[in-house]
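Spelled out from the first residue to the last, the chains are:
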Amino acid sequence: MPSHQRELFFGLIRIHVLVHASHEPIFGLAMIEELTHHGYRIGPGTLYPLLHGLESSGLLKSSLKKVGGRQRRVYTITSAGRKALDKAREKVDELHHELHEEHPRKVSPPADISGPV
């Protein structure tokens, strides 16, 4: 994935992680597989720092759990993470609406063609 796309999608990946963590405890490999299902190609070298960053920000918390006979670092969403996810949901809904508008609101004043150049 080109670096400009990676930067553009990184916020969406964070939201995906928070969404899944809001429903159940998550771990890295399962999230890599889930993100692949959504068309994101993300490896452990990208995902684990993202998870650690979300934890450092107070949006996730982790603990070691035995899963399928193996020790895994499992992440759960925090109350701050739920609040951030609720706000992100509002912003994503707003963006979704704007992406699908036939004529989005103008952000620049119309050019005055008759004025001086």
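Here we summarise the structure given alongside this text. Throughout this description, residue numbers start from 1 for each chain and increase along the sequence as written. Local features in this predicted model are restricted to residues whose pLDDT is 70 or higher, and side-chain atom pairs enter the listing and the counts only when it is 80 or higher, whereas totals over whole chains, interfaces and linings include all residues. Processing note: side-chain calculations cover all non-hydrogen atoms of the structure and skip hydrogens and water entirely.

1. Focus: the packing of helix α2 (residues 28-37) against helix α3 (residues 44-56)
- Axes, fitted as lines to C-alpha atoms, cover a helix only where it is in contact. Angles between the N-to-C directions of the axes lie from 0 to 180 degrees. The helix count covers DSSP runs of H or I at least four residues long, the strand count covers runs of E at least two residues long, and both are numbered beginning at the N terminus. The N-to-C vectors of α2 and α3 enclose an angle of 115°; their axes lie 10 Å apart at closest approach. Relative to α3, α2 is oriented so that their crossing is right-handed. In this structure, α2 contributes G28, L29, M31, I32 and L35 to the contact, and α3 contributes P44, L47, Y48 and L51.
- The residue inventory of the contact of α2 with α3, partitioned by class, reads eight nonpolar, one polar and no charged. Helix crossings are classified by the rotation of the near helix relative to the far one: an anticlockwise turn of less than a right angle makes the crossing left-handed, while a clockwise turn makes it right-handed. We call two residues in contact when some of their heavy atoms are within 4.5 Å. Three classes are used: nonpolar for Ala, Val, Leu, Ile, Met, Phe, Trp, Tyr, Cys and Pro, charged for Asp, Glu, Lys and Arg, and polar for all others, with Gly counted as polar.

2. A closer look at the pattern of salt bridges
- Between Lys or Arg on one side and Asp or Glu on the other, a salt bridge is scored when a side-chain nitrogen of the former is within 4 Å of a carboxyl oxygen of the latter. Within this structure, the stated rule accounts for two salt bridges.
- Residues R89 and D86 are paired through a salt bridge, measuring 3.2 Å at the closest nitrogen-oxygen approach. Of this pair, R89 and D86 both sit in helix α4 (residues 79-99), separated by three residues, roughly a single helical turn.
- Residue burial is assigned from relative accessible area. The probe radius is 1.4 Å, only protein chains are included, and a residue is buried under 20% of its type maximum, exposed over 50%, and partly exposed in between. We classify D86 as partly exposed; its relative accessible area is 42%.
- The salt bridge involving E90 is made with K87; its shortest N-O contact spans 3.6 Å. Note that E90 and K87 are positioned in helix α4 at a spacing of three residues, about one turn of the helix.

3. A word on α2
- Among the residues of α2, G28, M31, I32 and L35 are the ones counted as buried. Down the axis, α2 shows its buried residues gathered within 105° of arc, on one side only. Along α2, exposed side chains directed more than 90 degrees from the buried face belong to E33 and H37.
- Downstream of α2 by one or two residues, G39 has phi in the positive range, about 95°. To obtain the arc, one takes the directions from the helix axis to the C-beta atoms.

4. A look at the environment of E55
- Tracing the sequence through the fold places E55 in helix α3.
- Residue classification places E55 among the partly exposed positions, given a relative accessible area of 28%.
- The spatial distance from the C-alpha of E55 to the C-alpha of T76 is 9.3 Å, given a sequence separation of 21 residues.
- Filtering out sequence-adjacent residues up to four positions away, E55 remains in contact with L60, K61, S62 and Y75.

5. Examining the nonpolar core
- To qualify as a nonpolar core, a set must consist of buried Ala, Val, Leu, Ile, Met, Phe, Trp, Tyr and Cys residues joined through side-chain atoms within 4.5 Å. Core analysis: the biggest nonpolar cluster contains 20 residues, and V17, I26, L35, L47, L50, L51 and L60 have the highest contact counts within it.
- Looking at this core, the elements that each hand over two or more residues are α1 (3-23), α2, α3 and β2 (70-77).
- The biggest single contributor to this core is α1, with five residues.
- Setting aside residues no more than four positions away along its own chain, L35 makes contact with I13, H16, Y40, I42 and L47.

6. Examining α4
- Counted at 1.5 Å a residue, the expected span for α4 with its 21 residues is 30 Å, and the 30 Å between its end C-alpha atoms agrees.
- Buried within α4 are the following residues: G81, L85 and A88. All buried residues of α4 lie within an arc of 65° about the axis, which places them on one face of the element. Structural note: α4 exposes S79, K83, D93 and H97 on the side pointing more than 90 degrees away from its buried face. Here the expected length of a helix is defined as 1.5 Å per residue gap, with one fewer gap than residues.

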